[in-house]
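Chain and residue survey
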Amino acid sequence: MDQKTEIESWGRVLKVPHEVAELHWMPQRLPPREHAHSYLPFGEGRSYGDSCLNDSGLLLKSRKMNRFIAFDTVTGILRCEAGIRLDEILNITISQGWFLPVVPGTQYVTLGGAIANDIHGKNHHVAGTLGCFVKQICVLRSDGLQYLCSPTENRDLFGATIGGLGLTGLILWAEIQMKPVQSSFIDQETIRYSSLDEFFKISKASESTHEYTVAWVDALASGHHLGRGHFIRGNHSQKSGQTKTKGLKVSVPVELPTWVLNQATVHCFNSIYFHRQVKKQQAKHIDYRPFFFPLDSIKNWNRLYGSRGFYQYQVVVPFENDQEPIREILKEVAKSKKASFLAVLKTFGNVPSPGWLSFPRPGVTLALDFPNQGASTLRLFKTLDAIVRRARGALYPAKDATMTAEDFEIYYPRWREFQAWIDPQFSSNFWRRVRPGAEKHG
Amino acid sequence: MAKSVLFGATSAIGIEVAKLMAGQGDELFLVARDPQKLQAVERDLRARGAQVKGSRAIDLRQTEHHLTLFREIQSALGGIDHALIAYGTLSNQKACEQDFTLAAHEIQTNFVSCVSLLTNLANQMEQKRHGVIAVISSVAGDRGRQSNYIYGASKGALSIFLQGLRNRLFQAGVSVLTIKPGFVDTPMTSHLKKNFLFAQPETVALGIVRGMERKKDVIYVPGFWWWVMFIIRSVPEALFKRLKL
Ligand SMILES: Cc1cc2nc3c(=O)[nH]c(=O)nc-3n(C[C@H](O)[C@H](O)[C@H](O)COP(=O)(O)OP(=O)(O)OC[C@H]3O[C@@H](n4cnc5c(N)ncnc54)[C@H](O)[C@@H]3O)c2cc1C
Ligand SMILES: NC(=O)c1ccc[n+]([C@@H]2O[C@H](COP(=O)([O-])OP(=O)(O)OC[C@H]3O[C@@H](n4cnc5c(N)ncnc54)[C@H](OP(=O)(O)O)[C@@H]3O)[C@@H](O)[C@H]2O)c1
């Protein structure tokens, strides 16, 4: 186990050496940590920045701990090992009429990773985060003990572990409440809208009529067009029906040269995409996969950004001041001309999460991709950071690679409480960045 | 809907085959050594909707218990259509060179105990004139190499035994499949650094189920290993013995 393996996260900016322990079965104790300074769990590595990395540490790869433990098809209570992937869950449960209560934009994440980032989905405005549906988790810590945690048992460790970035111990299994559905189809509507004000109007109107809402934004548009995009909303279809189609799968076999995604190509893509839909509004009855996980049909799409990788910048800002902060951010992004063709805008609701470090809070969230162009990209982030700070917003650790320690303390005021529950033998690059005092040895 | 038995149901490859068989609606009987792992796999399969008719935790090296085991399978399933042998240990070659008891232990696991299971299976299926027997051997059994010849010899012996058995059972309409995987990313190889030659157990399992359906004789999984082993087998011994393999 002394062999080191280079591991990268989804953004591919960092490639970091690790010792790796592949966990095939839920262990009774953590594997021996000979030279490595600390542990960190690792799921599918779908986090963009450095929260799933721990330089020279021992990564606890939990992906092969992927078994169902129990599934009650009457109550919809599902218990699984933490390494199971969301697609593996859905493939079995949807035909029995049960859907995950919250899904992110890709189904290729593990249940443990999803809990550790307390993920949100297109239904945040009504449902809250995944953590709201976790009934129980079992956490193995370096003291060799397994802790059963729930909203009523070991409540502190529960609150620290939901959104706890893998730092409080290894989640062995989790029990969640699934949601009944009639079919595997979604009734989807897409509305082309041309300004930020229009976005907020449609969003407000849709919140009571649609369980799922999100908008794709043309982040290069400016002036009158600032914030223009497609608003996508949907509900689980009431008509029963199942699809078996796997859909077309393409793959990006090698990384593209960095120059391919430049301002001109992205601008072109965005314009075509924006005008693709001729009608202002369009309705469709579609399978849940293209609705929730459109990018999953392109394997390894992160290689599109070339060898230097890319960043994602995801922010939430409260609804106030006539949405000025989000407008300012979009203006800065458009002005910077830093190509970003995946930009997503969505409103969060006010359902509280049990997780202490949970990211979502009432307001509007914007997620933007930026190819890594070195210092100039980081300079743009500094400008954006200042806007977020002023607006009393926050950045999302699952996507983050640049947040400063000062900002972290402001965005996550419960960090001090959280810190007391970190397993003394766990650490991560993210944690050492936002808590520079944190030692590698815990 | 076949009645299928898996010996080594908790091996990474065995688990994936079990999932596929469960998906086809097979009635399953699971045999494995570790009761806890067996329980985990059984629960997983049940949650997926599998019909697990029975299971038994047993150290399969103990051939004296095989008859009782087969009786138990008979009463749970009422017959066997498909059987897969999917257990084994990757021997510590250096230790085996120093200690014959260890070598014998490995040969008992990877070859002798399989012969006992196969004898039972063959007699039963020959009489019924029906059935498919599939056994995981290895590319390592195709040629002896200094780094791995105790394991290789056991698997090689297994492959030759299966050739003979296939020849015998052909008349009875019973098919015998020899499966030769290359490197697979499983607990057995967790100490090895992974490279592009490693296949996932899911891929290997698909190959196995397809091979059983099509009543194949010998399969290499993934298929490119046929070419690799073709080349390795054709190196003249005078040269081969000088290589550091
Ligand atoms: C295309 C795409 C779309 C996305 N869309 C969304 C979205 O809509 N909403 C959203 O919230 N997120 C979204 N994400 C982010 C993603 O959901 C999270 O990063 C998720 O946590 C990744 O899960 P993973 O299994 O890959 O975990 P990893 O990235 O491997 O790990 C994430 C964290 O979980 C910890 N961890 C992993 N396993 C365990 C365990 N067993 N026990 C304890 N800790 C563990 C790790 O230590 C790490 O801190 C998206 C990501 C991509 C690539
Ligand atoms: N992985 C490879 O690269 C590779 C290549 C070629 C062939 N194979 C063959 O593939 C088969 C499956 O192995 P795998 O790769 O899936 O590895 P694995 O997951 O480690 O499975 C090996 C299994 O064999 C079981 N076993 C060992 N001794 C046993 C005994 N005496 N009685 C009962 N069960 C016993 C083990 O049980 P415990 O869990 O209780 O130890 C384990 O479940 C083996 O025959 C192996 O030789 C593997």
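Computed from a predicted structure; not experimentally measured.

Examining the domain arrangement of chain A
Residue and element names in this part refer to chain A.
- According to the domain assignment, chain A contains domain 1 (68-101 + 109-118 + 131-181) and domain 2 (185-402).
- Between domain 1 and domain 2, the C-alpha centre-to-centre distance is 27 Å.
- With 18 residues of domain 1 in contact, the opposing surface of domain 2 contributes 19 residues.
- Carbon and sulfur atoms supply 63% of the area that domain 1 and domain 2 bury against each other, a total of about 1,500 Å² over both sides.
- Where domain 1 touches domain 2, the interface holds one salt bridge.
- Across the salt bridge formed by E211 and K179, the nearest N and O atoms sit 2.7 Å from each other.
- At the boundary of domain 1 with domain 2, the tally comes to seven residue pairs in polar contact (both at pLDDT 80 or more).

So, the interface of chain A and chain B
- Listed per partner, the contact involves 14 residues of chain A and 18 residues of chain B.
- Note on chain A versus chain B: buried area summed over both sides is about 1,400 Å², and carbon and sulfur give 52% of it.
- Looking at the side of chain A facing chain B, the largest losses of area belong to H24(A), W25(A) and F68(A), adding up to 37% of the total buried there.
- The tally of links between chain A and chain B comes to one salt bridge.
- For the pair chain A and chain B, the number of links is four residue pairs in polar contact (both at pLDDT 80 or more).
- Tallying contributions element by element places strand 5 (residues 68-72) of chain A first for the side of chain A that touches chain B, with three residues.

Examining the site of ligand 2
All names here are of chain B.
- Not every one of the 29 residues close to ligand 2 is listed here, only the nearest: R33, K37, D59, Y151 and T186.
- At a separation of 2.8 Å, an oxygen atom of ligand 2 approaches a polar side-chain atom of T186.
- Relative to its unbound accessible surface of 880 Å², ligand 2 loses 92% to contact with the protein.
- Mapped onto the shell around ligand 2, the elements with two or more residues apiece are helix 1 (12-23) and helix 6 (149-169).
- Across the shell around ligand 2, the residue classes break down as 13 nonpolar, 10 polar and six charged.

Side note on helix 5 (residues 196-207) of chain A
Residues and elements named next belong to chain A.
- Its 12 residues give helix 5 an end-to-end C-alpha distance of 16 Å, which sits within 8% of 16 Å, the value for a rise of 1.5 Å per residue.
- Inspection of helix 5 places L196, E198, F199, F200, I202, S203 and S206 among the buried residues, and these make up the whole buried set.
- The inward-facing, buried residues of helix 5 contact strand 12 (185-193), strand 13 (212-217), strand 14 (229-236), helix 8 (324-336), strand 19 (343-348) and strand 20 (363-371).

A short note on the packing of helix 5 (residues 100-128) of chain B against helix 6 of chain B
Residue and element names in this part refer to chain B.
- Their axes nearest at 9 Å, the elements helix 5 and helix 6 cross at an angle of 10 degrees. Comparing the axis directions of helix 5 and helix 6 gives the class roughly parallel. When the axes of helix 5 and helix 6 are compared, the crossing they make is right-handed. Within the contact between the two elements, helix 5 uses A103, E106, I107, N110, F111, C114, V115, L118, A122, N123 and E126 and helix 6 uses I150, Y151, S154, A157, L158, F161, L162, L165, R168 and L169.
- Residue classes in the contact of helix 5 with helix 6 are distributed as 15 nonpolar, three polar and three charged.

A word on the site of ligand 1
All names here are of chain A.
- Residues in close proximity to ligand 1 total 35 residues, the closest being P41, R46, S47, T110 and Y396.
- Residue E44 places a main-chain N or O atom 3.1 Å away from an oxygen atom belonging to ligand 1.
- One of the backbone nitrogen or oxygen atoms of G105 is found 3.0 Å away from a nitrogen atom of ligand 1.
- Computed on the free molecule, ligand 1 has an accessible area of 970 Å², of which 96% lies beneath the protein chains in the complex.
- When contributions to the shell around ligand 1 are tallied by element, the ones reaching two or more residues are strand 3 (39-42), helix 2 (111-116) and strand 10 (170-177).
- Take the shell around ligand 1: its biggest share by element is four residues, from helix 2.
- No fewer than three residues from each of domain 1 (68-101 + 109-118 + 131-181) and domain 2 (185-402) sit in the shell around ligand 1.

What to know about the nonpolar core
- With 119 residues, the main nonpolar core has F99(A), I115(A), I137(A), F292(A), I329(A), L345(A) and F408(A) as its most contacted residues.
- Split by domain, this core shows at least three residues from each of two domains, domain 1 (68-101 + 109-118 + 131-181) and domain 2 (185-402) of chain A.
- Contact partners of F99(A), with chain neighbours within four places excluded, come to L90(A), I94(A), M178(A), K179(A), V181(A), Y212(A), H236(A), Y288(A) and F292(A).
- Counting 34 residues, the second-largest nonpolar core is a separate cluster that includes A9(B), V41(B), A199(B) and M212(B).

Some points on the sheet that holds strand 12 of chain A
Residue and element names in this part refer to chain A.
- With antiparallel pairing, the eight strands of this open sheet are ordered in space as 16-12-14-13-19-20-18-21. Each edge of the open sheet is held by one strand with a lone partner, namely strand 16 (281-287) and strand 21 (394-395).
- Running over the sheet, helix 9 (residues 375-390) touches strand 18 (310-317), strand 20 and strand 21 and is turned about 10 degrees from strand 18.

Criteria and cut-off values
Residues numbered from 1 in each chain as written. Chains lettered and ligands numbered in written order. Predicted model: local features only at pLDDT ≥ 70, side-chain atom pairs only at ≥ 80, totals over all residues. Heavy atoms only, no water. Domains from an automatic or database assignment. Contact = heavy atoms within 4.5 Å. Buried area = accessible area lost by both parts, 1.4 Å probe. Salt bridge = Lys/Arg side-chain N within 4 Å of Asp/Glu carboxyl O. Polar contact = N/O pair within 3.5 Å; in protein donor to acceptor, adjacent residues only side chain to side chain. Helix = DSSP H or I, 4+ residues; strand = E, 2+ residues; numbered from the N terminus. Near = heavy atom within 4 Å. Areas by Shrake-Rupley, 256 points an atom, 1.4 Å probe, with all protein chains shown as cover. Nonpolar A, V, L, I, M, F, W, Y, C, P; charged D, E, K, R; others polar. Expected span 1.5 Å × (residues − 1). Buried < 20%, exposed > 50% of the residue type's maximum accessible area, 1.4 Å probe, protein only. Axes fitted to C-alpha atoms, helices over the stretch in contact; angles between N-to-C directions. Parallel < 35°, antiparallel > 145°, perpendicular 65-115°, else oblique. Left-handed = near helix turned anticlockwise from the far one by under 90°. Core = buried A, V, L, I, M, F, W, Y, C linked by side-chain atoms within 4.5 Å. Pairing = 2+ DSSP bridges.

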